Each structure stands twice: as structure tokens, then as C-alpha cells.
Amino acid sequence: MGTTTVPSTDVLATRPVWLISVLAGLAAAVATELYGLAARAVGIPMVAGTIGASVSGPITIGMFAMGTATSVFWGTILAVLLARYARRPARTYLWTTIALTAVSMAGPYFAGATATSTKLMLALAHIIAAAIVIPVVTRRLSHSPAVSMVSGRGARRPAVGAERLVHPADRQQD
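Quantities reported herein were computed from a predicted structural model and do not represent experimental measurements.

Colleague: Let's hear about the layout of surface pockets: which residues, and what values?
Modeller: Taken as a whole, the largest pocket encloses approximately 1000 Å³ of empty space. Only helix 2 (17-41), strand 2 (57-58), helix 3 (63-85), helix 4 (89-104), helix 5 (106-110) and helix 6 (116-141) provide two or more residues apiece to the lining of the largest pocket. Of all the elements, helix 3 adds the most residues to the lining of the largest pocket, at eleven residues. Split into classes, the residues belonging to the lining of the largest pocket amount to 21 nonpolar, 15 polar and no charged.

Colleague: Any details on the packing of helix 2 against helix 6? Residues and values, ideally.
Modeller: Contact geometry of helix 2 with helix 6 gives a least axis separation of 9 Å together with a crossing angle of 160°. In terms of orientation, helix 2 lies roughly antiparallel with respect to helix 6. As helix 2 runs across helix 6, the sense of the crossing is right-handed. Residues Val-17, Ile-20, Ser-21, Ala-24, Gly-25, Ala-27, Ala-28, Ala-31, Thr-32, Tyr-35 and Ala-39 of helix 2 form the contact with helix 6, whose participating residues are Leu-120, Met-121, Leu-124, Ala-125, Ile-128, Ala-129, Ile-132, Val-133, Val-136, Val-137, Arg-140 and Leu-141. For the contact of helix 2 with helix 6, the per-class residue count stands at 19 nonpolar, three polar and one charged.

Colleague: Can you lay out the packing of aromatic side chains for me, pointing to particular residues and giving the numbers?
Modeller: What the rule picks out here adds up to three aromatic pairs. Ring geometry for Phe-73 and Trp-74: centres 4.9 Å apart, planes at 80°, overall edge-to-face. A residue is classified by how much of its surface remains accessible, and Phe-73, at 46% relative accessible area, is partly exposed. Aromatic side chains Tyr-109 and Phe-110 sit 4.7 Å apart centroid to centroid with 85° between the ring planes, which places their arrangement in the edge-to-face category.

Colleague: Hey, could you go over helix 6 for me, with residue numbers and the actual values?
Modeller: Under the 1.5 Å per step criterion, the end-to-end length of helix 6 is 37 Å for 26 residues, consistent within 8% with the ideal 38 Å. Of all the bends found along helix 6, the most pronounced is centred on Ala-130 and spans about 25°.

Colleague: Mind laying out unusual backbone geometry, listing which residues take part and the relevant values?
Modeller: With a phi close to 50°, Ala-113 is a non-glycine residue in the positive phi region. Structurally, Ala-113 can be placed in the loop between helix 5 and helix 6.

Colleague: A description of the packing of helix 2 against helix 3 should follow, citing residues and the corresponding values.
Modeller: Axis separation between helix 2 and helix 3 bottoms out at 8 Å; the angle between their running directions is 160°. As the angle between them shows, helix 2 and helix 3 are arranged roughly antiparallel. In the packing of helix 2 onto helix 3, the handedness of the crossing is right-handed. Residues Val-17, Trp-18, Ser-21, Val-22, Gly-25, Ala-28, Ala-29, Thr-32, Glu-33 and Gly-36 of helix 2 pack against Met-63, Phe-64, Ala-65, Thr-68, Val-72, Gly-75, Thr-76, Ala-79, Val-80 and Ala-83 of helix 3. The class makeup of the residues in the contact of helix 2 with helix 3 is twelve nonpolar, seven polar and one charged.

Colleague: Run through the side chain of Thr-101, naming residues and quoting values.
Modeller: Tracing the backbone shows Thr-101 in helix 4. Overall, Thr-101 belongs to the buried group, its relative accessible area being 18%. Setting aside chain neighbours within four positions, we find Thr-101 in contact with His-126, Ala-130 and Ile-134.

Definitions and limits used
- Residues numbered from 1 in each chain as written.
- Predicted model: local features only at pLDDT ≥ 70, side-chain atom pairs only at ≥ 80, totals over all residues.
- Heavy atoms only, no water.
- 1 Å grid on protein atoms, 1.4 Å probe; cavity = no way out; pocket = protein on both sides within 12 Å on 5 of 7 lines; lining within 4 Å.
- Points joined across faces, edges and corners; volume = space filled by probe spheres on them.
- Helix = DSSP H or I, 4+ residues; strand = E, 2+ residues; numbered from the N terminus.
- Nonpolar A, V, L, I, M, F, W, Y, C, P; charged D, E, K, R; others polar.
- Axes fitted to C-alpha atoms, helices over the stretch in contact; angles between N-to-C directions.
- Parallel < 35°, antiparallel > 145°, perpendicular 65-115°, else oblique.
- Left-handed = near helix turned anticlockwise from the far one by under 90°.
- Contact = heavy atoms within 4.5 Å.
- Phe/Tyr/Trp six-rings, centres within 6.5 Å; stacked < 30°, edge-to-face > 60°.
- Buried < 20%, exposed > 50% of the residue type's maximum accessible area, 1.4 Å probe, protein only.
- Expected span 1.5 Å × (residues − 1).
- Bend = angle between axes of the 7 residues up to and from the residue.

This is the structure in C-alpha cells:
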């Protein structure tokens, strides 16, 4: 009797890391842009200055989506590199992106010539984007095989026990 391999129903496990990150980023860009439009509709001032600025400039339509897309671009590069080289890519990505999200709060907090309501709205936009992207990409990275630096000449090979992290459908048949 042979064994039957059941295909994965987890879409995240079967798609490339970059694709999952880009799709999560698109969802986050739409969500933050809608959030920005809603903030505009309730009367939050849509002007902000850079860190320490004495004058502020307009926050135009599309800036939330563009800011999210820029961050997701760099986050996607980070995720792909971690999937390839990190021993624990999901854990490393999670903690790195949480730290980067915390650092990103400096922009709204220290924005000069910016109303407090605008600062709070901008900070919440960062949290909304992070809350959409980080869990999805972290979950996808949890399906990445672990790597080890034990091989010679810089070559990589799966760490001991990493075969458990490979989805059964991806294993080579002998």
C-alpha cells in the first residue's frame, strides 16, 4: 500500500514569498488609502510637515497608498532574503518588522507644523498597514524551510530537521 499525499489547502504555503507580500501590500495600500479618505471626510487636517519642519505641506490623495507601497517594497525584499538565508525566517521577519513599525512612528510623532489629530491619524495608518501585512507574510515565512550555515564554501543546505518544514506535496518522490 502506498501513501497518499493530500494537497495543501493553505494558499500561503504554496505561493512564493514575494507574491504573498505584494498581495498583502496591495490590500494594505487600499485599506490605508480608504482610511485616509475617511479621515479627510471627518475633517482631520490633511497637512503635515517633515520631522522638525516649521511649515507643513498637503497630504494628497494617493499618498497613503504610495507610502504603504514603498514600505511593502522594502519589506518584500526583506522577506525574500530572510526566506532564503535566515535560520528562522518567520520569527526574524516578525520581530524586525515590528521594530521597523515602531521606528516609523517617529515620523508622525516628530512631524513639525502638524496638528495632533493628524499625527495620531498618520500613526494609526502605519499600524493598519502593519497589521495587514506582517501577519500574512509571517505566516507564509513559517512555511519556509530552515537553512544552516554549516555547509562549506558558503553553500546553503537545509538544517537538521528542516525536512519537517517542507510541505509533503513539495517533497521529492524516491
